[in-house]
Amino acid sequence: MAGKESFTNTRLPIIGGITAATVASLCCVGPFVLLSLGISGAWIGNLTVLKPYRPVFIMLVMLLLGWAGWQVYRPVDTCEPGTVCAVPQTRKRRQMVFWIAAIVALVLVTSTYWIPLFA
């Protein structure tokens, strides 16, 4: 049963990685999105307060998505027969969710480089 429990926990690092990527990009994506929606004000400048913590959140994104990738792509030999990680359809679906989350995190983390092109 240990294989089933650890494979089921792939949601935690994926959700944590996306959350950390969102917080890491909040200083840059937040004002851009708000201004694009027509919301403005002097308080938007306060979102840059998180910028010094950006490297910490980027490292957290890398660690959490690395952990999720390890759990999703680990060998089937380590899974007990009949558990979730041994089912090919479930493995493929979780791998697809992992890659979608990784791409979203990459877009959010690199936002400081591509947002000035649109602003």
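Since the structure is predicted, the reported quantities are computational estimates derived from the model, not experimental observations. Every chain is numbered on its own, with residues counted from 1 as its sequence reads. In keeping with the model being predicted, local features are shown solely for residues with a pLDDT of at least 70 and side-chain atom pairs are shown and tallied solely at 80 or more, while totals for entire chains, interfaces and linings include all residues. Side-chain measures here rest on the full set of heavy atoms in the structure, leaving out hydrogens and waters.

1. Regarding the packing of aromatic side chains
So, point 1. Each Phe, Tyr or Trp ring, with Trp reduced to its six-membered ring, pairs with another whose centre is within 6.5 Å; inter-plane angles below 30 degrees give stacked pairs, above 60 give edge-to-face pairs, and intermediate values give tilted ones. Here the structure, examined in full by the defined rule, presents two aromatic pairs.
So, point 2. Taking 6.2 Å as the distance between ring centres and 75 degrees as the angle between the ring planes, the aromatic pair formed by Tyr 73 and Phe 98 counts as edge-to-face. In this pair, Tyr 73 is assigned in helix 3 (residues 54-73) and Phe 98 in helix 4 (residues 88-109), connecting sequence segments 25 residues apart.
So, point 3. Among the aromatic side chains, those forming a connected cluster through ring pairs are Tyr 73, Phe 98 and Trp 99. By the criteria applied, helices consist of DSSP H or I runs no shorter than four residues and strands consist of E runs no shorter than two, each listed in order from the N terminus.

2. Here's the deal with the nonpolar core
So, point 1. Nonpolar cores were defined as sets of buried Ala, Val, Leu, Ile, Met, Phe, Trp, Tyr and Cys residues, with membership established by side-chain atoms within 4.5 Å. Three exposure classes are used, based on accessible area relative to the maximum for each residue type with a 1.4 Å probe and protein chains only: buried under 20%, partly exposed in between, and exposed over 50%. Judged by nonpolar contacts, the single largest core of 13 residues is most densely connected at Ile 14, Ala 21, Val 61, Leu 65, Phe 98 and Ala 105.
So, point 2. Of all the secondary structure elements, the ones that give two or more residues to this core are helix 2 (11-36), helix 3 and helix 4.
So, point 3. Should any heavy atoms of two residues lie within 4.5 Å, those residues are considered in contact. Those residues in contact with Leu 65 that sit more than four places away from it in its chain are Pro 13, Ile 14, Gly 17, Phe 98, Ala 101, Ala 102 and Ala 105.

3. Here's the deal with helix 4
So, point 1. By this rule, a helix spans an expected 1.5 Å times one less than how many residues it contains. Between its first and last C-alpha atoms helix 4 spans 31 Å; for 22 residues at 1.5 Å apiece the expected length is 32 Å, and the two agree.
So, point 2. Among all positions in helix 4, only Thr 90, Arg 91, Arg 94, Gln 95, Phe 98, Ala 101, Ala 102, Ala 105, Leu 108 and Val 109 are buried. In an axial view of helix 4, the angular spread of the buried residues amounts to 150 degrees, which keeps them on one side of the axis. In helix 4, the exposed positions that point more than 90 degrees away from the buried face belong to Pro 88, Gln 89, Lys 92, Met 96, Ile 100 and Ile 103. To be clear, the arc concerns the directions from the helix axis to the C-beta atoms.

4. As for the packing of helix 3 against helix 4
So, point 1. To define axes, lines are fitted to C-alpha atoms, for helices over the stretch in contact only, and angles between the resulting N-to-C directions are given on a 0 to 180 degree scale. In the contact formed by helix 3 and helix 4, the axes pass within 10 Å of each other and the chain directions differ by 165 degrees. In this view, helix 3 runs roughly antiparallel relative to helix 4, as classed from their interaxial angle. Crossing geometry of helix 3 relative to helix 4 is assigned as left-handed. Each of Arg 54, Ile 58, Val 61, Leu 65, Ala 68, Gly 69, Val 72 and Tyr 73 in helix 3 lies in contact with helix 4, whose residues at this interface are Arg 91, Arg 94, Gln 95, Phe 98, Trp 99, Ala 101, Ala 102, Ala 105, Leu 108 and Val 109. In what follows, roughly perpendicular refers to angles from 65 to 115 degrees, roughly parallel to angles under 35, roughly antiparallel to angles over 145, and oblique to any angle outside these ranges. Handedness of a helix crossing follows the sense of rotation of the near helix relative to the far helix, less than a right angle counterclockwise being left-handed and clockwise being right-handed.

5. Things to note about the UniProt feature "transmembrane region" (unreviewed entry) in the protein
So, point 1. UniProt positions are given in the numbering used here, feature names are shortened, and annotations may be inferred rather than shown by experiment. With numbering matched to this structure, UniProt assigns "transmembrane region" (unreviewed entry) to residues 12-44, 56-73 and 96-115.
So, point 2. Counted over residues 96-115, helix gives 95% and strand 0%. Its end C-alpha atoms are 27 Å apart.

6. Description of helix 3
In an α-helix there are 3.6 residues to a turn, and that puts residues three or four apart on one side.
So, point 1. For helix 3, built from 20 residues, the straight-helix expectation of 28 Å at 1.5 Å per residue is met to within 8% by its first-to-last C-alpha distance of 28 Å.
So, point 2. Every buried residue belonging to helix 3 is among Arg 54, Val 61, Leu 64, Leu 65, Ala 68, Gly 69, Gln 71 and Val 72, and all of these are buried. The arc enclosing the buried residues of helix 3, seen along the axis, measures out at 160 degrees, which places them on a common side. Counted as exposed and oriented over 90 degrees from the buried face of helix 3: Pro 55, Val 56, Met 62, Leu 63 and Trp 70.

7. Considerations on the confidence of the model for the protein
So, point 1. pLDDT: the predictor's confidence for each residue, scored from 0 to 100. Chain-level statistics for the protein give a pLDDT mean of 77 and a share of 89% at 70 or above.
So, point 2. Considering each helix and strand of the protein separately, the mean pLDDT is smallest for helix 1 (residues 2-8), with a value of 46, and largest for helix 4, with 88.

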